[in-house]
Amino acid sequence: MARDVQITFDCADPAGLAAFWAEVLGYRIQDPPGDFESWDQALEALGVPPEHRNDASAVVDPEGSGPRLFFQKVPEPKQAKNRVHVDVRAAPGLQGDARMAALEVEAERLVSHGATRMQRHEPAPPLGAGHIIMADPEGNEFCLD
């Protein structure tokens, strides 16, 4: 039996990181529950105090095929390299110089949204197609692949 998958990020600013990843993946912030027009309305009605209204956020694939990303506030900062990371498939079907050029364009776009460029890995045929290691605004590594 296949299972649904959610990817969870521990972070300091769930709303900010959710907005960043929505931009990266073409996702959208998950709609509020019920008939509420906004999350502020929903959280107010649920009695969530203002100081806890950025404790969590989520983004979803507008087409419903990709996993939900959930962002939860934690008190401690990121400590070390991620053991699991997201690969953003930014150059599907491309190879060599065309692939790396497409990855560079996407890297520049994401830097303008708060990402940090970390390292470029050149293509190493036959198995290494080349990729760029990036970090989101809170330092979580991901690859443009």
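Residues numbered from 1 in each chain as written. Predicted model: local features only at pLDDT ≥ 70, side-chain atom pairs only at ≥ 80, totals over all residues. Heavy atoms only, no water.

K.L.:
Would you take a moment to explain helix H3 (residues 96-111) for this structure?
P.N.:
Residues that lie three or four places apart on an α-helix share one face, since the helix turns once every 3.6 residues. With 16 residues, H3 ought to run about 22 Å at 1.5 Å a step, and its terminal C-alpha atoms sit 23 Å apart, in line with that. Within H3, the full set of buried residues consists of Arg99, Met100, Leu103, Glu104, Glu106, Ala107 and Leu110. (Helix = DSSP H or I, 4+ residues; strand = E, 2+ residues; numbered from the N terminus. Expected span 1.5 Å × (residues − 1). Buried < 20%, exposed > 50% of the residue type's maximum accessible area, 1.4 Å probe, protein only.)

K.L.:
I tried to follow the sheet that holds strand S1 (residues 6-11) on my own but got confused; where do I start?
P.N.:
Two orientations exist for strands paired in a sheet by backbone hydrogen bonds: parallel and antiparallel. If you trace the four strands from one edge of the open sheet to the other, you get S1-S4-S3-S2, paired in mixed fashion. With partners counted over all chains shown, the strands left at the sheet margins are S1 and strand S2 (28-29), one partner each. Pairing geometry for S2 and strand S3 (residues 56-60), over two bridges, is antiparallel. Residue pairing for S3: Arg28 is matched across the bridge by Val60. Helix H1 (residues 14-25) contacts S1, S2, S3 and strand S4 (68-73) of the sheet and is inclined by roughly 160 degrees relative to S4. (Pairing = 2+ DSSP bridges. Contact = heavy atoms within 4.5 Å. Axes fitted to C-alpha atoms, helices over the stretch in contact; angles between N-to-C directions.)

K.L.:
Where do I start with H1 in this structure?
P.N.:
For H1, spanning twelve residues, the distance from its first C-alpha to its last is 16 Å, which sits close to the expected 16 Å at 1.5 Å a residue. When we look at burial in H1, the residues that qualify are Pro14, Leu17, Ala18, Phe20, Trp21, Ala22 and Val24. Residue Gly26 follows H1 closely and has a positive phi angle near 70 degrees.

K.L.:
Just to check I follow, could you spell out the nonpolar core for this structure?
P.N.:
For soluble globular proteins, nonpolar side chains are generally found buried alongside one another. Trp21, Phe71, Met134, Phe142 and Leu144 are the most contacted members of the largest nonpolar core, which has 24 residues in total. The element contributing the most residues to this core is H1, with six residues. Residues within four places of Met134 in sequence aside, it is in contact with Ala107, Leu110, Val111, Ala115, Thr116, Arg117, Met118, Asn140, Glu141, Phe142 and Leu144. (Core = buried A, V, L, I, M, F, W, Y, C linked by side-chain atoms within 4.5 Å.)

K.L.:
Quick question: what am I supposed to make of the packing of aromatic side chains here?
P.N.:
Two aromatic rings are characterised by how far apart their centres lie and by the angle between their planes. One pass over the structure, following the stated rule, counts five aromatic pairs. Ring plane angle 25 degrees and centroid distance 4.9 Å describe the contact between Phe9 and Phe71, whose orientation is recorded as stacked. Of the two residues, Phe9 is situated in strand S1 and Phe71 in strand S4; the sequence distance between them amounts to 62 residues. Phe9 gets classed as buried once you look at its relative accessible area, which sits at 8%. Overall, the relative accessible area of 0% leaves Phe71 in the buried class. Aromatic side chains Trp21 and Phe142 sit 4.9 Å apart centroid to centroid with 70 degrees between the ring planes, which places their arrangement in the edge-to-face category. Taken as a pair, Trp21 in helix H1 and Phe142 in strand S8 (residues 141-144) lie far apart in primary sequence, 121 residues in all. The class for Phe142 is buried, based on a relative accessible area of 0%. The structure contains a cluster of three or more aromatic residues connected by ring pairs, namely Phe9, Phe20, Trp21, Phe71 and Phe142. (Phe/Tyr/Trp six-rings, centres within 6.5 Å; stacked < 30°, edge-to-face > 60°.)

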